[in-house]
Amino acid sequence: MTVSRNKSYEILIGVIYDFLIAVDMNEEVDVEKTMSDAFNVPYADIDVLPKEIVIQTIKNFQAIVKTFQAAMPTWRFERLNRLIQAILLMSYANYTYVKNIDKAVVINIAIKLAKRYGDANDYKFVNAILDNVLK
């Protein structure tokens with residue numbers, strides 16, 4: 001399936017958001033069904049990059065959260081807006097585990113998403129925390 005990268009990132013934050021809700025509810029996630037529903041195509045037709053980002057986010061979820069938590073000692077990751085959590089998780093997984101993107105590009109994408117879907121100043125937090133944790 002051919003979807004623009006920007007549209008893929010928008011869809012991915014929704015998929016990761018759904019994952020976060022499932023985690024909070026202590027439920028299993030059917031990744032293939034969730035992604036198929038989100039992209040509105042069979043799972044096999046979804047490009048490799050979005051699949052890899054979601055799989056790496058889920059597979060490394062606890063480690064990623066610990067990394068963010070260490071970088072923000074006065075905040076609790078789970079207390080952040082779920083949408084901001086999804087943006088941070090997607091960005092970190094894309095940069096750290098998928099490794100096909102420059103740090104500045106990852107941060108720029110995250111800022112755009114935070115400006116579009118977050119509260120007025122969420123993008124500043126997203127920028128600062130990603131700049132701090134992406135190595």
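Now for a quick tour of the structure. None of the values given here were measured: they were computed from a predicted structure.

## Some points on the overall build of the protein chain
Inference 1: Counting its secondary structure elements, the protein chain contains seven helices and zero strands.
Inference 2: Listing every helix and strand of the protein chain by position from the N terminus yields α-α-α-α-α-α-α.
Inference 3: In terms of overall size, the protein chain behaves like a compact globule, its C-alpha atoms giving a radius of gyration of 14 Å where 135 residues would be expected to give roughly 14 Å.
Inference 4: Dimensions of the protein chain, computed from C-alpha atoms along their principal axes, come out at roughly 40 × 35 × 25 Å.
Inference 5: Excluding contacts between residues fewer than 6 apart, the proportion of contacts in the protein chain whose partners are at least 24 apart in sequence is 65%.
Inference 6: Across the protein chain, 16 positive and 16 negative side-chain charges occur, with their mean positions spaced 8 Å apart.

## Comments concerning the environment of Asp18
Inference 1: Inspection of the secondary structure assignment puts Asp18 in helix H1 (residues 5-24).
Inference 2: Overall, Asp18 belongs to the partly exposed group, its relative accessible area being 41%.
Inference 3: For Asp18 and Pro73, which are 55 residues apart along the polypeptide, the C-alpha to C-alpha distance reads 26 Å.

## Considerations on the side chain of Thr57
Inference 1: Tracing the backbone through its elements, the reader meets Thr57 in helix H3 (residues 48-59).
Inference 2: Given the relative accessible area of 1%, Thr57 is considered buried.
Inference 3: If sequence neighbours within four positions are ignored, Thr57 has contacts with Ile16, Ile64, Leu89, Met90 and Ala93.

## Details of the packing of aromatic side chains
The description of two aromatic rings rests on the distance between their centres and on the angle between their planes.
Inference 1: Enumeration over the complete set of coordinates arrives at five aromatic pairs.
Inference 2: Ring geometry for Phe19 against Phe61: centres 5.1 Å apart, planes inclined by 85°, an arrangement best described as edge-to-face. In this pair, Phe19 is assigned in helix H1 and Phe61 in helix H4 (residues 61-71), connecting sequence segments 42 residues apart. By the burial criterion, Phe19 is buried, and Phe61 matches it.
Inference 3: On the numbers, 5.7 Å between centres and 15° between planes, the contact of Phe68 with Phe77 is stacked. Neither residue differs from the other here; Phe68 and Phe77 are each classed as buried.
Inference 4: Taken together, the aromatic side chains of Phe68, Phe77, Tyr92 and Tyr97 make up a single cluster linked through ring pairs.
Inference 5: Directly above the aromatic system of Tyr43 lies the positively charged group of Lys51, at a separation of 4.4 Å from the ring centroid.
Inference 6: Directly above the aromatic system of Tyr123 lies the positively charged group of Lys115, at a separation of 4.8 Å from the ring centroid.

Rules of the game
- Residues numbered from 1 in each chain as written.
- Predicted model: local features only at pLDDT ≥ 70, side-chain atom pairs only at ≥ 80, totals over all residues.
- Heavy atoms only, no water.
- Helix = DSSP H or I, 4+ residues; strand = E, 2+ residues; numbered from the N terminus.
- Rg over C-alpha atoms; globule rule 2.2 N^0.38 Å.
- Contact = heavy atoms within 4.5 Å.
- Lys, Arg positive; Asp, Glu negative; His and termini not counted.
- Charge placed at Lys NZ, Arg CZ, Asp CG, Glu CD.
- Buried < 20%, exposed > 50% of the residue type's maximum accessible area, 1.4 Å probe, protein only.
- Phe/Tyr/Trp six-rings, centres within 6.5 Å; stacked < 30°, edge-to-face > 60°.
- Lys NZ or Arg CZ within 6 Å of the ring centre and 35° of its normal.

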